Amino acid sequence: MELIDQHTKSIMEGCKERARDAGLRFGDETLEYIVTNRDLLELSPKMMIPTLYDYWVHDVEVLKERGKYELYPSNPYETVINTRPAISFYNDNNPDWLNVMIFYHVLGHIDFFQNNVYFSHTWDMDFAGQALADKRLIARLRSEKGRWVDYVIEFARSIDNLVGYHTELSRMDRPQTTRAGKRLDFYFDVFLQSEKKVRIGDYIKEIERYNESVREFGGVGEEAFFSEVTQKHPEFESIFQKSLEGKSKRKLDLPQFLLEHSDFLNKEENKWMKSVIQVVRKTSLVFQPQIRTKIMNEGWASYWHETLFLDDDRIDGHEVAFARVNSGVTAMPRVGLNPYALGMRLFYFLEEMADKGKYSFAFRKLLDANEREKYDKGGQEWRGRDFIFKIRETLSDFSFINTFVDQDFVNENKLFVAGRRLNRQKQVWEYFVKSRKAEDYRQMIIDGLYHPPAIRIDAEKSTDGDLYLNHVFEGYPLVKDFIPNTMLGIEFLWGGPVKLETSEVAAATEPVRPPVMMIPGMPLQPQPEREDYEVKWQRVLYTMEDRNLSKTILT
Amino acid sequence: MKDNRHNLYERLKNRGLTPEQEDVILAELHDDGDHGIPYTEDGDPAAEPNTGKPIYAFADLPFLQRMPPPRGSYTTALRSLDELLERDKLREKDGFPRKIRVGRLIKPGKGGKDKVVVVPSTVEEKFIHDAVKPPDEDGDAGGSGEGEEGEVIGEQPVREEGDSGAGPGQGEGGPHEMESNAYDLGKILTEKFELPNLQDKGKKRSLTRYTYDMTDRHRGFGQLLDKKATLKKILETNIALGRGPGFEAPETIDPSDFIISPRDKIYRILSREKDYESQAMVFFLRDYSGSMWGKPTELVVGQHVLIYSWLLYQYEKQVETRFILHDTEAREVPDFYTYYNSKVAGGTQVASAYRLVNEIIQEESLYQDYNIYIFHGTDGDDWDTDGRQALPELERMLAVANRVGVSIVEHGRGGAEVARYIKNSGLLKKYAALLRLDVMGQDADESRLIEGIKRLISTEKVAAA
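Residues numbered from 1 in each chain as written. Chains lettered and ligands numbered in written order. Predicted model: local features only at pLDDT ≥ 70, side-chain atom pairs only at ≥ 80, totals over all residues.

Asks: What am I meant to see in the overall build of chain A here?
Replies: Counting secondary structure elements, chain A contains 23 helices and 12 strands. Classification of the 555 residues of chain A by burial places 35% in the buried group. (Helix = DSSP H or I, 4+ residues; strand = E, 2+ residues; numbered from the N terminus. Buried ≥ 20, exposed ≤ 12 C-beta atoms within 10 Å, placed from the backbone.)

Asks: Where do I start with the overall build of chain B in this structure?
Replies: Broken down by element type, chain B carries 14 helices and 15 strands. Considering chain B as a whole, with its 465 residues, one finds that 40% of them fall into the buried category. By sequence separation, contacts in chain B at least 24 residues apart represent 80% of the contacts at least 6 residues apart. (Contact = placed C-beta atoms within 7 Å.)

Asks: Explain the confidence of the model for chain A to me, please; I cannot follow it from the model alone.
Replies: In low-pLDDT segments, the atomic positions of the prediction should not be examined closely. The predicted model of chain A has a mean per-residue pLDDT of 85, with 90% of residues at 70 or higher. Across residues 513-530 of chain A the pLDDT falls below 50, and counting only partners more than four positions away or on other chains, this stretch makes 13 contacts in the model. (pLDDT = per-residue confidence, 0-100.)

Asks: Sorry if this is basic, but what is going on with the sheet that holds strand β2 (residues 30-34) of chain A here?
Replies: Sheet strands pair via backbone hydrogen bonds, and the direction of the pair is either parallel or antiparallel. All names here are of chain A. The 4 strands lie next to each other as β1-β2-β5-β4, forming an open sheet whose pairing is mixed. Strands at the two margins of the open sheet, each flanked by one partner only, are β1 (2-3) and β4 (80-81). Direction of pairing for β2 relative to strand β5 (residues 86-90): parallel, over a ladder of 5 bridges. Opposite E32, over in β5, you have S88 as the bridge partner. On the sheet, helix α4 (residues 96-115) packs against β2, β4 and β5 and is oriented at approximately 155° with respect to β5. (Pairing = 2+ DSSP bridges. Axes fitted to C-alpha atoms, helices over the stretch in contact; angles between N-to-C directions.)

Asks: Quick question: what am I supposed to make of the confidence of the model for chain B here?
Replies: Residue and element names in this part refer to chain B. On average, residues of chain B score 71 in pLDDT, and 63% of them reach the 70 mark or higher. Per-residue pLDDT, averaged within each element of chain B, yields its smallest value for strand β1 (residues 107-108) (46) and its largest for helix α9 (residues 350-364) (87). Taken as a whole, residues 73-78 scores under 50 in pLDDT and shows 8 contacts with residues more than four places along the chain or in a different chain. Low confidence marks residues 103-114, where pLDDT is under 50. Its contacts with residues over four positions away, or in another chain, come to 35 contacts. Note on the complex model: pTM 0.70, ipTM 0.81.

Asks: Before we go on, may I ask you to explain the pairing of strand β7 (residues 428-435) of chain A in this structure?
Replies: When a strand is regular, its side chains alternate between the sheet's two faces. Residue and element names in this part refer to chain A. Summarising the sheet, strand β6 (residues 415-423) and β7 pair through 7 bridges and their orientation is antiparallel. Each residue of the ladder has a partner; that of A418, found in β7, is V433. In this antiparallel pair of consecutive strands, β6 and β7, the connection spans 4 residues, and Q427 shows a positive phi of 55°.

Asks: Where do I start with the sheet that holds strand β11 (residues 319-326) of chain B in this structure?
Replies: Residue and element names in this part refer to chain B. Strand order in this open sheet of 6 strands is β12-β11-β10-β13-β14-β15, and the pairing throughout is mixed. Each having just a single partner strand, β12 (330-333) and β15 (435-441) make up the two edges of the open sheet. On average, adjacent strands in this sheet sit at an angle of 20° to one another, irrespective of strand direction. Here 7 bridges tie strand β14 (residues 403-410) to β15, and the two strands are oriented parallel to one another. Among the inter-strand pairings, V404 is bridged to a residue of β15, identified as L435. Contacts between helix α12 (residues 417-425) and the sheet are confined to β13 (371-378), β14 and β15, with β14 contributing the most and set at about 140° to the helix.

Asks: When you look at the environment of G222 of chain B in this model, what are you seeing that I'm missing?
Replies: Within the element layout of this structure, G222 of chain B appears in the loop between β7 (204-219) and β8 (224-225). Linking G222 of chain B and K265 of chain B, residues 43 residues apart in sequence, is a C-alpha distance of 9.4 Å.

Asks: Can you walk me through the nonpolar core in this structure?
Replies: Soluble globular proteins tend to pack their nonpolar side chains together in the buried interior. In terms of nonpolar packing, the biggest core is built from 127 residues, with F103, Y104, L107, V276 and W304 of chain A touching the most fellow members. Among the elements that make up this core, the one with the highest residue count is α4 of chain A (12 residues). Beyond its immediate stretch of four places on either side in the chain, Y104 of chain A contacts C15, A19, W304, H305, L308 and F309 of chain A. Within the second largest apolar cluster, 65 residues are counted, among which are I307, V319, A353 and V406 of chain B. (Core = buried A, V, L, I, M, F, W, Y, C linked by C-beta atoms within 7 Å.)

Asks: What exactly am I supposed to notice about the packing of helix α14 (residues 294-311) of chain A against helix α15 (residues 319-330) of chain A here?
Replies: Each pair of packed helices can be summarised by the angle the axes make with each other and by the distance between the axes. All names here are of chain A. Two elements in contact, α14 and α15, have axes separated by 11 Å at closest approach and are oriented at 165°. Regarding the angle of α14 to α15, the classification is roughly antiparallel. In this structure, the crossing between α14 and α15 has a hand that is left-handed. Residues S302, E306 and F309 of α14 pack against F322, N326, V329 and T330 of α15. Residues belonging to the contact of α14 with α15 are distributed by class as follows: 3 nonpolar, 3 polar and 1 charged. (Parallel < 35°, antiparallel > 145°, perpendicular 65-115°, else oblique. Left-handed = near helix turned anticlockwise from the far one by under 90°. Nonpolar A, V, L, I, M, F, W, Y, C, P; charged D, E, K, R; others polar.)

Asks: So what exactly am I meant to see when it comes to unusual backbone geometry here?
Replies: Residues other than glycine predominantly adopt negative phi, and peptide bonds predominantly adopt the trans conformation. Residues and elements named next belong to chain A. Cis peptide bonds are those with omega within 30 degrees of zero, and the linkage from R84 to P85 qualifies with -10°. Relative to the assigned elements, P85 resides in the loop between β4 and β5. Residue D464 is not a glycine yet carries a positive backbone phi of 55°. With respect to the helices and strands, the residue D464 is situated in the loop between β8 (454-457) and β9 (467-472).

Asks: Sorry if this is basic, but what is going on with the environment of N326 of chain A here?
Replies: With respect to the helices, strands and loops of the structure, N326 of chain A is situated in helix α15. Counting along the chain gives 225 residues from N326 of chain A to M101 of chain A, while the straight-line C-alpha distance between them is 8.8 Å.

Asks: Any chance you could explain the packing of α14 of chain A against helix α16 (residues 339-355) of chain A here in plain terms?
Replies: All names here are of chain A. Direction vectors running N to C along α14 and α16 enclose 70°, while the axes themselves pass 7 Å from each other. Taken as axis vectors, α14 and α16 run roughly perpendicular relative to one another. Residues K294, I295, M296, E298, G299, W300, S302 and Y303 of α14 form the contact with α16, whose participating residues are P339, Y340, L342, G343, M344, L346, F347 and Y348. Of the residues assigned to the contact of α14 with α16, the class counts are 11 nonpolar, 3 polar and 2 charged.

Asks: Please clarify how helix α13 (residues 271-292) of chain A should be interpreted in this entry.
Replies: Residues three or four positions apart in an α-helix share a direction because the helix packs 3.6 residues into each turn. Taking 1.5 Å per residue as the helical rise, α13 of chain A with its 22 residues ought to reach 32 Å, and the 33 Å between its terminal C-alpha atoms agrees with that figure. Taking the largest bend as the criterion, α13 of chain A deviates by roughly 25°, centred on V286 of chain A, and proline P289 of chain A comes between one and four positions later. (Expected span 1.5 Å × (residues − 1). Bend = angle between axes of the 7 residues up to and from the residue.)

As structure tokens, this is what we get:
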């Protein structure tokens, strides 16, 4: 890999200046590399992180027929990687004007990485450097432990989609609570309401008493208040202390739980495995936000490469070439989803709506379609921009789509949900307009979003050295073929029997299909659509013990 | 050809058909496909239709920068197949299931005659959600543009999906494919997957090939002294000269007294030897009728690649192959590439293929010189529902063949005639050593394929399931 030449780098620096003037914020330093096909071959299995640890699966073609993006959520062909300084990759022979466009796109991504709160746990991290340290650690372990390192990597990776990413995030920006504040909250929110179940009148009196005590004693008012409380309810203090203990237990994800509670991993001779698991878990956490912000990230970058490119004075004369490439990237397909196009349109739409003041209570109250259309309380030029900057900072794909894809947006862009059905008579797949309702369109996108299963550790049912996992049912079963090997890995890391409770299809009702009459030369009656496909579910329990899997039906 | 099919259909109908049989036949009858070799092209990734492509399939490098996905040359494959399989073997020793699959994506290369492209592949298993969908409907996609709700806005032929017969031709292969010699693959199959070695390789045939060996003896001079023969000669000479006084009492013999004539020394010298080796003729028969669309073809062809490789190794490359495709009529194709890639279409008449095999064997008197193997892959659906024509042909083949292996991939779209009539015919018992039948589901994976091969080629006399 080579850095881009000085001339191209100066173009990049020019882009940075203009992007900053437009309001984007990103670190000063960036690294741009030229990649060849051969480089890509090595980089893509490592998610474009040049320093990622070695693992034999990276050298093998990985089967991708099923659940590709659920299994390998990080995209292997991304141009920018989220590290400090941000690294991006380029084709060798891009003309300058194209580089200008790509650089703006890249800067859009970097801005997104460094400002969207879903990435906040990566903000103070040089991931490429971290990965290099991890790679060396694993290489050293491999020289000592041989292929067992690869087994541990394999088993750790088999549960790396179950990391508690949101738990980790929620810990990042939590407001500090004081112990005193906690006691007060507990007294009024939990103790009086759930423990004592006082009547509303008494509850209000108690609040009044508190307020009076603060008025009277000022700074020590709260203490004075609680001294009376303990006289009245001597048990309060102990109940409060107990609740604090319960709270202090962190919610652990499966890899963390194994690290802390597995007897096997905590044996002296197996402790090295823990560092391997930690590397895998940490790496997975770094990649989590990327897949959860795909539409926003690409939309944001496309919005900016288009906006900034057209204002750039350096590219005069290349507008037509740009238009060709740009439309290839950002055109809405007739059938299919394009995150670049969808995200970009939504950002434009939001900017326009906010410019007109349409994200306001006053607008929401309006019911008259005509008035809604004409509504324009804008005027301040940057209002829409400010609004979309705020959105790029605070939302993820789910909240972005769920909040803002409304009927106006769907109508304006002529969007619809396209269905696909088999026409047996003509032996063709038919594409048809299934729905133009915003809620259907929204649901269709949301159904396609990355969503790993929720697997909880059931402490109460984990007895006798068993580990009891509970798959929270959300309408989908787990991929059956993958259960045995995944559980085998967990059993290895846990060092005892592992149980998994999950839901499976008990029976699916096939609608009765009228017999097909085939008369040569005559058209067939159209087949009814299969709306009445119903599924009956049952809870099952898998048990992995001594590398043998068994299954029992629970309900 | 179309007319032939219709005539055949009329005749069959007159004989009486069950409704299911008729459905299957009609589906194939009204099918307008052809058997061409699918045209493949390296497309511009951005130009591909993205219907149903999830949003995560888009990435900046291919989409924005139009960079083609990396394609590995064989030299950049970081590990050899052997190494990977060695690792896999160790896994088994350590008590974990194997993870490397070979052959799933095997296809013959365009170039060399006995090259196959091997893509070792694996999957990283995790807990992920599966889809629950009615079989005939596919997931919804997004769309934009004009059109009323309910309006059909486009059609896509069903066949295009898997590039029809090119179900095997899974695109242009991934970045890590390795070209491997079919012979090596056969070796790997034999060694690593414990496919049996053939004990008796049957008839041997002289080849116009010579090996040189120190087999001839020569007196007086040569390359290597044959001590035993020389000693014998010396004894002979001395007895003839009457110099053996102590022969009645052997312990008195004194070898140092022996006279040694120069002509008693016997040497071995290099000589030209004619070589005899057994060799095999393999017929691969593939049903490429319309009903074979998709998975069944993929499995059948995948299995045939593996069998071919295994035989190539067993017979030390002394294997000749013939490839026969059949729908209602059979034709011989010149190479594996055509055999592998021809698209499916048309009806099914198993007998046509068997008849062609018999004709070839008779005309070329192949049974005199060759060990004949016949492998037939089909989905088990046959217009000749009770095997009235196929069975006699099959019996004729059994008379000359070393092994006939029929693999049937059931796809649940009706038709299990072949399995049924073969079982009912009693041929499996009568020719237990020669005929094997293997029935698998269309979800069979590679290990099942290899299991199937073992069943097809094993020499144990078991009635196949």
